[in-house]
Amino acid sequence: MIEMPEASTIARQMNETLTGKIFQHFSRGPLTHKFLWLNKPAEEFDAFVAGRQVTGAKSYGRSIFLYIDETHLNLFAELGGRILYHAQGATLPAKYHLRWDFTDDTSLTYSLQMWGFVGLLSKTDLSAPPFTDTGIPPLSDEFTFERFNQLLEEYPEKKAKGIKGFMVTSKYVFGIGNGYLQDILYRAKIHPARKIPSLSLEERSQLFSSIQGSMAEAIRLNGREDERDLFDYPGGYRRLMSSQTMGNPCPTCGTTIQKLAYLGGACYLCPTCQV
DNA sequence: TCCAATGTAACATG
DNA sequence: GTTACATTGGA
């Protein structure tokens with residue numbers, strides 16, 4: 001899935017590569033998928049974007065905004081898969097779900113994995129629900145330790161669910177999914193099922209630092225090694241806790257890394273370090 | 001053959 | 001309070 005480091009990398013590359021290009025055509029690819037959500041029929045996407053210009057791109061949490069003229073944007077949200085740029089003359093992938101062609105004979109394709117929302121919105125649409133329901137992206141000015149602590153207290157299910165429930169719910173911290181969460185909790189030495197009221201101030205501080213540190217490092221490395229950037233290059237961030245490292249010794253204490261099914265999606269953790 | 005993962009529905013339990 | 005399930009391309 002695309003989490004904040006991937007969204008950041010792809011948006012930066014889109015901004016550098018696509019800005020100034022004129023859309024020629026939007027279309028669906030040869031693959032279909034029930035969990036691909038467009039907010040309008042593909043024909044409306046096509047009719048709207050044709051002849052309009054890309055004016056930039058940026059990321060927000062795990063979302064990507066691709067700006068169209070001064071008034072609209074193409075929103076990529078809650079999505080998995082690959083968004084790829086194809087230079088003039090490049091062979092398009094055989095399988096993809098969506099495609100944007102530009103007038104200079106370059107194009108963009110999206111191959112979905114799991115699910116994804118692609119929306120054609122006006123900038124004002126972004127300032128109304130459901131697009132305002134997202135939480136605060138890590139590394140943003142708003143994301144201070146004080147605010148983080150406040151969000152922990154505001155989480156309505158703080159007594160019922162473990163810290164994992166809070167962390168992967170986009171309404172609070174926006175940008176982290178199950179993938180990076182494993183490393184974040186490992187670095188903070190916190191078990192995914194720990195209840196929020198039981199977290200000491202020091203543990204909250206460790207968690208906050210771990211979020212900031214993990215996100216900064218992953219952004220610096222252009223995302224995870226098992227995800228791809230706009231040009232189909234893998235990122236350089238190798239997760240410490242994942243299906244790939246399960247069964248290996250914990251780098252800190254040597255205990256075997258375990259897998260645990262909890263609140264949807266797998267947790268990988270060191271049962272000794274994370275309590 | 002199994003894995004990835006979000007949100008929600010359905011289930012089990014005390 | 002926890003798990004199953006929707007899905008499907010890729011390892």
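This text follows the structure it describes.
Everything quoted here is computed from the prediction, not taken from an experiment.

Visitor: Any chance you could explain the environment of Tyr-60 here in plain terms?
Guide: Structurally, Tyr-60 is set in strand β3 (residues 54–60). Put simply, Tyr-60 and Leu-121 are 61 residues apart on the chain and 15 Å apart in space, counted from C-alpha to C-alpha.

Visitor: Please explain the protein's contact with DNA strand B as it appears in this structure.
Guide: In the vicinity of DNA strand B, 14 residues are found, and the nearest of them are Met-1, Glu-78, Met-114, Trp-115 and Tyr-268. Among the atoms of DNA strand B close to the protein, meaning within 4 Å, 54% are from sugar or phosphate groups. The contact in question runs from a phosphate oxygen of DNA strand B to an N or O atom on the backbone of Asn-178, over 3.5 Å. In this structure, Tyr-268 approaches DNA strand B through a side-chain N or O atom, which is 2.3 Å from a phosphate oxygen.

Visitor: Hey, could you run me through the protein's contact with DNA strand C in this one?
Guide: Every residue near DNA strand C is listed here: Leu-31, His-33, Lys-34, Phe-35, Gln-113, Lys-159, Ala-160, Ala-261 and Leu-263. Each atom of DNA strand C within 4 Å of the protein belongs either to a base or to sugar and phosphate, the latter forming 94%. The side chain of Lys-34 places a nitrogen or oxygen atom 3.3 Å from a phosphate oxygen of DNA strand C. When its residues are assigned to classes, the surface near DNA strand C shows five nonpolar, two polar and two charged.

Visitor: Honestly, the sheet that holds strand β8 (residues 107–112) in this entry has me stumped. Any pointers?
Guide: Note on sheets: strands pair through backbone hydrogen bonds, and any given pair is parallel or antiparallel. Ordered in space as β1-β7-β8-β6, the four strands form an open sheet in which the pairing is antiparallel. Looking at which strands have only one partner, the edges of the open sheet turn out to be β1 (23–28) and β6 (81–86). Here the strands of the sheet are splayed against their neighbours by 10 degrees on average, with no regard to which way each runs. Across five bridges, β1 lies against strand β7 (residues 98–102) in antiparallel orientation. Residue pairing across strands places His-25 opposite Asp-101, the latter belonging to β7. Across the face of the sheet, helix α1 (residues 4–18) comes into contact with β6, β7 and β8 while running at roughly 20 degrees to β6.

What counts and how
- Residues numbered from 1 in each chain as written.
- Chains lettered and ligands numbered in written order.
- Predicted model: local features only at pLDDT ≥ 70, side-chain atom pairs only at ≥ 80, totals over all residues.
- Heavy atoms only, no water.
- Helix = DSSP H or I, 4+ residues; strand = E, 2+ residues; numbered from the N terminus.
- Near = heavy atom within 4 Å.
- Polar contact = N/O pair within 3.5 Å; in protein donor to acceptor, adjacent residues only side chain to side chain.
- Nonpolar A, V, L, I, M, F, W, Y, C, P; charged D, E, K, R; others polar.
- Pairing = 2+ DSSP bridges.
- Axes fitted to C-alpha atoms, helices over the stretch in contact; angles between N-to-C directions.
- Contact = heavy atoms within 4.5 Å.

So far we have only geometry, and geometry alone does not tell us how the molecule works.
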